[in-house]
Amino acid sequence: MRALAFLLLFVVQSGWATQCDENVGPAGPTDCIQIERYNNEYQWATCLSNAYIQQKSGHKHICVNRYATYCWYQCMIEVHNKNYGSVTDDCSCQPGRIPTLSLPPECYSPAGDSCEWYRNCLEKKYPCEGSRNAYSVTYAKTFCRMFEELSDKFSADGQKWMDGVRKCLLVALVPLLRPWTNPTCSEIRESAIASHTPCYLNPDKDVLSICDLDYVEYVKIFWTIKGSYIKLDTAWQSLKGMWNIETDCTLSKIQQTYESAKQTLKDVIKFFKIKIQKFKKRARFTEYLPEADLQSRFADEVGSNFASSLQWNTNVMDWLAYTDAVFNLVDLDIFIVLADKKALGLVNNSAPSVDFNQTIQEFASAVKNGALPVQVDGQKVWIKSLASCSDKSCNSTQTLAVSDKPPWSGATRISHGNVGLCGAIALLIMFINKLLI
């Protein structure tokens, strides 16, 4: 049992412009308060439920009257976890300036168990849905609803962990609703992404860390979340924290069960690495995306091309494509992972089984014969080789197929920066040759 560090919220309770009844609240009203241990500087405080304060702080904070239902919660503690010192600019306020609330009380101090909070509260105040920054919030909504719909597929420990994480992901975003904040959609996304790994590792008091789950259970949870997306696209930036989570777990059950799980899962999860080369077909103008998102989108589109061309039965087999390479490189590695959802117990038993031998043979044959004319956002992609990996680290590989030439004739290789003198001469010779034909 972890020891609880209770931080009593002593505040100067004189001259309040708004009320916070310890029995009825309501949640949400704010005031500008002065506290001695913060150098008598003014800061915002919000009337919040004791239950929310404990959940948000990992049970480090509690109302002075621990039996109260509501109390004031100062900004410096909620946002920065500081109970003394100078007040930061984002928490500072001027007395007498009380902001008007635009949302119902349940938005400002949620229990974390209603998935409607995202739609009724966060998205109502910040309509980022449909923007390129919506994926992380969509991920949190997906996780929340997945618990309600699919929790019976997991063990009691897995269910408790998922319930703790969905509450943690929601509560982590609540401070964005405070009336003194005005984050952009990009900042909301950054806050959401930053909350993932901490919520996986420490969802709540008396809730197991993901490190304490069996490795097979972790794999089932990961592929359930992955399977909830029709297109992963830039949502990979939200999901990769879970994909790589074991690196944050030391001397834990997830590590202790890894070797035995590899044997259990060797016929269920298959890992591959492909080497590609990109070619330029025509100029395309796309929306601006950060480098990491460009990587995610490109790899996901390559995977989508494979799934379509090779007619993968995604009802029973899911796939994942990702890369850690710099997006603007011409040659790069992309990792492809195939998962037998039926063997993992994630689809109905009446569904047909996955034939990995046939799937891999068809994949290798298509690469060798140049039968995968992949194209992503106007760029032609040559699949130069396919190799199988012993595990997700892909440190040990076995080559399955090599392509001797791209599936197109006359493809123009992408170059970096200026063409240069040699390149210019080569292009001039090509142009002259065409004129002479």
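Structure first, text after, so check above.
Residues numbered from 1 in each chain as written. Predicted model: local features only at pLDDT ≥ 70, side-chain atom pairs only at ≥ 80, totals over all residues. Heavy atoms only, no water.

This paragraph deals with the environment of Leu332. Structurally, the position occupied by Leu332 is in strand β8 (residues 331-340). A residue is classified by how much of its surface remains accessible, and Leu332, at 6% relative accessible area, is buried. Along the chain, Leu332 and Ile274 lie 58 residues apart, while their C-alpha atoms are 8.4 Å from each other. Residue contacts for Leu332: discarding those within four places in its chain leaves Ile274, Lys275, Ile276, Lys278, Thr323 and Ala325. (Helix = DSSP H or I, 4+ residues; strand = E, 2+ residues; numbered from the N terminus. Buried < 20%, exposed > 50% of the residue type's maximum accessible area, 1.4 Å probe, protein only. Contact = heavy atoms within 4.5 Å.)

It is worth spelling out the sheet that holds strand β3 (residues 42-49) at this point. Across the sheet, 3 strands lie side by side as β2-β3-β5; this open sheet has antiparallel pairing. Each having just a single partner strand, β2 (30-34) and β5 (70-74) make up the two edges of the open sheet. Put simply, the sheet's adjacent strands are angled 40° from each other on average, direction ignored. Sheet topology note: the β3/β5 ladder contains 5 bridges and is antiparallel. Note that in β5 the partner of Ser49 across the bridge is Tyr70. (Pairing = 2+ DSSP bridges. Axes fitted to C-alpha atoms, helices over the stretch in contact; angles between N-to-C directions.)

Another aspect to go through is the packing of helix α8 (residues 215-227) against helix α11 (residues 258-265). Geometry of a packed helix pair, given as the angle between the helix axes and the separation of the axes. α11 packs onto α8 with a crossing angle of 55° between their chain directions and a minimal axis gap of 8 Å. Regarding the angle of α8 to α11, the classification is oblique. Facing Tyr215, Val216 and Val219 of α8, the residues of α11 in contact are Tyr258, Ala261 and Leu265. In the contact of α8 with α11, the residues fall into 6 nonpolar, no polar and no charged. (Parallel < 35°, antiparallel > 145°, perpendicular 65-115°, else oblique. Nonpolar A, V, L, I, M, F, W, Y, C, P; charged D, E, K, R; others polar.)

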